[in-house]
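Next come the chains, spelled out residue by residue.
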Amino acid sequence: MAKHNAANTRVKREYFDYLKEAMRRDDASIDQVAKAIARFEESTGHKDFKKFHREQAKAFKRKLDNEKNTRTGKPLARATVHTTLSALRAFFIWLAGQSGYKSRIAYADADYFNLSEKDVRIAKASLPKRIPTLDQVQHVLATMPSNTDIEKRNRALIAFALLTGARAAALASFKLKHVDLEQACVFHDARDVRSKNSKTFTTYFCPVGGDALEIVTDWCEHLRKQLLWSDDDPLFPKTQVGLGECGGFQAMGLAREHWSNTGAVRNIYKDVFHAAGLPYFNPHCFRDVLVRLGERICTTPEEFKAWSQNIGHERVLTTLTSYGAVPADRQAELIRGLGLERADEDPERLAAIFAEFVRQRGGTFS
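The structure displayed is predicted, hence computed values, not measured ones. One numbering rule holds for all chains: residues counted from 1, following each sequence as written. Owing to the predicted nature of the model, reporting of local features is limited to residues with pLDDT of at least 70; listing and counting of side-chain atom pairs is limited to 80 or more, with chain, interface and lining totals taken over all residues. To obtain the side-chain values, all non-hydrogen atoms of the structure were included, while hydrogens and water were left out.

(A) Highlighting the overall build of the protein. For helices the rule is a DSSP run of H or I covering at least 4 residues; for strands it is a run of E covering at least 2, with both sets numbered from the N terminus onward. Scanning the protein from terminus to terminus reveals 15 helices and five strands. Within the span of the protein, comprising 366 residues, buried residues form 39% of the whole. Considering only contacts in the protein between residues 6 or more positions apart, those separated by 24 or more positions represent 58%. Total accessible area on the protein stands at roughly 21400 Å², and carbon and sulfur atoms take up 50% of it. Each residue is assigned to one of three classes by its accessible area relative to the maximum for its type, calculated with a 1.4 Å probe on protein chains only: buried under 20%, partly exposed between the two thresholds, exposed over 50%. We call two residues in contact whenever any of their non-hydrogen atoms come within 4.5 Å of each other. In short, Shrake-Rupley with a 1.4 Å probe defines the accessible areas, and a residue's cover is counted only from the protein chains shown.

(B) Broad picture of unusual backbone geometry. The phi dihedral of Ala184 is positive, around 55°, even though this residue is not glycine. With respect to the element layout, Ala184 can be found in the loop between β1 (179-180) and β2 (185-188). With a phi close to 55°, Ser198 is a non-glycine residue in the positive phi region. Along the chain, Ser198 turns up in the loop between β2 and β3 (201-204).

(C) Here's a closer look at the nonpolar core. Residues belong to a common nonpolar core when they are buried Ala, Val, Leu, Ile, Met, Phe, Trp, Tyr or Cys residues joined through side-chain atoms within 4.5 Å. Membership of the largest hydrophobic core comes to 58 residues, with the highest contact counts inside it found for Phe160, Leu171 and Leu235. Every element with two or more residues in this core is listed here: α6 (134-143), α7 (149-164), α8 (168-171), α9 (212-226), α10 (263-275), α11 (285-297), α12 (301-310) and α13 (316-323). At nine residues, the largest contribution of residues to this core is made by α7. Contact partners of Leu235, with chain neighbours within four places excluded, come to Phe160, Phe174, Lys175, Leu176, Val179, Trp219, Cys220 and Leu223. One finds Val11, Ile30, Ala36 and Ala57 within the second-largest nonpolar core, a separate group that totals 29 residues.

(D) Quick peek at the sheet that holds β2. Any two strands between which DSSP finds at least two bridges are classified as paired. With respect to topology, three strands assemble into an open sheet ordered β1-β2-β3, the strand pairing being antiparallel. For this open sheet the edge positions go to β1 and β3, each flanked by a neighbour on one side alone. Pairing of β2 with β3, which is carried by four bridges, proceeds in the antiparallel orientation. Across the sheet, residue Val186 finds its bridge partner in β3, namely Thr203.

(E) Inspection of the pattern of salt bridges at higher detail. A carboxyl oxygen of Asp or Glu within 4 Å of a side-chain nitrogen of Lys or Arg is what we treat as a salt bridge. Counted according to the given criterion, the structure contains 15 salt bridges. The closest approach of N and O atoms between Asp109 and Arg54, which form a salt bridge, is 3.1 Å. Here Asp109, found in the loop between α4 (78-95) and α5 (117-124), pairs with Arg54, found in helix α3 (residues 54-66); they are 55 residues apart in sequence, far enough to count as distant. When salt bridges with common partners are traced through the structure, they connect Arg39, Lys63 and Glu67 into a single cluster.

Set out below in structure tokens:
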């Protein structure tokens, strides 16, 4: 069976260039598309895309239904299948418009890479996220050691993430110059910081309480006054690795370099939560922690808009729909409390909040 098709390779290269340059997809997204296409090619024995027939799509769907996850041994998740088929559908829609393929592939053929409506609903179903409480994160900070430079860095990273809700990629790329302790804020400068969608915005430290602000302040001063680092040095530098006395590699302190990816950041989270006797929570969960805090302490639409903007969202609805799910225990508490007298509630405030949400949905609410 063939393992390569030169014509397919050429047109795939054009498609990946289209995704990168025209659709502005990042490399990680393009890699996922490449894997989906390669999976389909393997199922057809690497037949030329010009010989595509809708029966190939139907056979591929049946194949995915029978495949097992190599790690768990269970059938592939509907979400995985949906993502794979969606990538293939988009590819064949594009292919149907390309010279040499127009007369061979109909746009409607791409629709055979669809799941049933039932399976799509299953694939898109969102499960409750495990999110730490603010008290749990404060507990982690209180139990973290801070004797060595590496320990100080790790503790400051957790504290800074709690104050700002910064994503892992941003944490790995901040420089000292981006932090303004006097104004209590950090500047996500897309020229230097790997912010989502290359956004440039300012985040002011959130009022989370505890020692987070003091920890971050001490860390910045330690870098500048003790280590004599400058504005362009990393806020959270990578670990310097060298040969130890016994000949093996070991941590030797801090390197004056940024982490190249988010792997080290995630490992720090795993280690510190485990050391505190808590399950692992990924860096992104801290954004959920801040959204839940904002839902409780913001009292006007303007305040919640500012809170949403502070974590990098242009629209309040992004904050509410992506992060604002009410935990089950809090949901029960709120619903049960609705039957009680609410003399302290301001109906005008509730009406204003509702009007703001309707406005952001273009005048509809459904």
